[in-house]
Amino acid sequence: TAEAAGIAFYVATTPPLGSCGESGCTSIRATNDLLRASFAGRFRESFDGFTSEHFHPDRLHLNDAGPGLRAERAFDLLAIPVAGDGS
C-alpha cells in the first residue's frame, strides 16, 4: 500500500450532488462518514461549502467554480508543513 511504502496519500470526500444540502444526499453522507472513519487524518473535505453556484443548471455536474473550490481545499491541505521537514 502507499502507506506501507511511506508515500503520502489523501482521500477526498464526495461533494453533494446539486447542492442537496442538509435534507438530501443520504448515501453520499454515509459514504463520506466511512471515508472519514477509514482514513482519519488522510482525507480532504469536499462535501461542505458546495452550493448551487458550484453546479451547472443540471445540478449534477460541477461548473468552473466547483473544481476551483476543490483545488483550494487540496492546496490548503498540501501546503501544511510536515513536522520535521525543516520549514
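By convention here, each chain's residues receive numbers from 1 onward along its written sequence. Totals for whole chains, interfaces and linings use every residue, but because this is a predicted model, local features are given only for residues with pLDDT of at least 70 and side-chain atom pairs only at 80 or more, for both listing and counting. Excluded from the side-chain calculation are hydrogens and water; included are all heavy atoms of the structure.

### Topic: unusual backbone geometry
And step 1. Non-glycine residue arginine 59 carries a positive phi angle of around 60 degrees.
And step 2. Strands are runs of DSSP state E lasting at least two residues, helices are runs of H or I lasting at least four, and both sets are numbered from the N terminus onward. Tracing the sequence through the fold places arginine 59 in the loop between β2 (43-44) and α2 (65-78).

### Quick word on the confidence of the model for the protein chain
And step 1. One number per residue, pLDDT, summarises how confident the predictor is, and it ranges from 0 to 100. Of the residues in the protein chain, 83% have a pLDDT of 70 or more, and the chain-wide mean is 81.
And step 2. Ranking the elements of the protein chain by mean pLDDT puts β2 last, at 83, and helix α1 (residues 26-38) first, at 90.

### A closer look at the environment of glycine 66
And step 1. Position of glycine 66 relative to the elements: it lies in helix α2.
And step 2. On the basis of relative accessible area, glycine 66 is assigned to the buried category, the value being 0%.
And step 3. Sequence separation between glycine 66 and phenylalanine 55 is 11 residues; the distance between their C-alpha atoms is 6.7 Å. For the exposure calls, accessible area comes from a 1.4 Å probe over protein chains only, and a residue counts as buried if that area is under 20% of its type's maximum, exposed if over 50%, partly exposed in between.

### A few points about the pattern of salt bridges
And step 1. By salt bridge we mean one thing: a side-chain nitrogen of Lys or Arg within 4 Å of a carboxyl oxygen of Asp or Glu. Scanning the model with the defined rule gives 2 salt bridges in all.
And step 2. For aspartate 33, the salt bridge is made with arginine 36, and the minimal N-O distance between the two is 2.9 Å. Taken as a pair, aspartate 33 and arginine 36 lie in helix α1 at a separation of 3 residues, close to a single helical turn.
And step 3. A salt bridge links glutamate 45 to arginine 36; the nearest nitrogen and oxygen atoms lie 2.9 Å apart.
And step 4. On the accessibility criterion, arginine 36 (23% relative accessible area) is partly exposed.

### Here's the deal with the packing of aromatic side chains
And step 1. In summary, the pairing rule links any two rings of Phe, Tyr or Trp, Trp by its six-membered ring, whose centres are within 6.5 Å, and it sorts them by plane angle into stacked for under 30 degrees, edge-to-face for over 60 and tilted for everything else. In total, this model carries 1 aromatic pair according to the counting rule given.
And step 2. The criterion is that NZ of a Lys, or CZ of an Arg, lies within 6 Å of the ring centre and within 35 degrees of the ring normal, and then a charge sits over that ring. Across the ring face of phenylalanine 9, the terminal group of arginine 42 is positioned such that the distance to the ring centre comes to 4.9 Å.
And step 3. It is arginine 42 that lies over the ring of tyrosine 10; its NZ or CZ is 4.5 Å from the centre.

### With respect to the side chain of threonine 13
And step 1. Mapped onto the secondary structure, threonine 13 falls in the loop between β1 (11-12) and α1.
And step 2. Overall, threonine 13 belongs to the buried group, its relative accessible area being 2%.
And step 3. In this structure the side chain of threonine 13 is engaged in a polar contact, spanning 2.6 Å, whose partner is the backbone nitrogen of serine 46.
And step 4. Filtering out sequence-adjacent residues up to four positions away, threonine 13 remains in contact with Asn32, Leu35, Arg36, Phe43, Arg44, Glu45, Ser46 and Phe47. Under this definition, polar contacts are N or O atom pairs within 3.5 Å; protein pairs additionally need one hydrogen-donor-capable and one acceptor-capable atom, and for neighbouring residues in sequence, both atoms have to be side-chain atoms. The contact criterion used throughout is that any non-hydrogen atoms of two residues lie within 4.5 Å.

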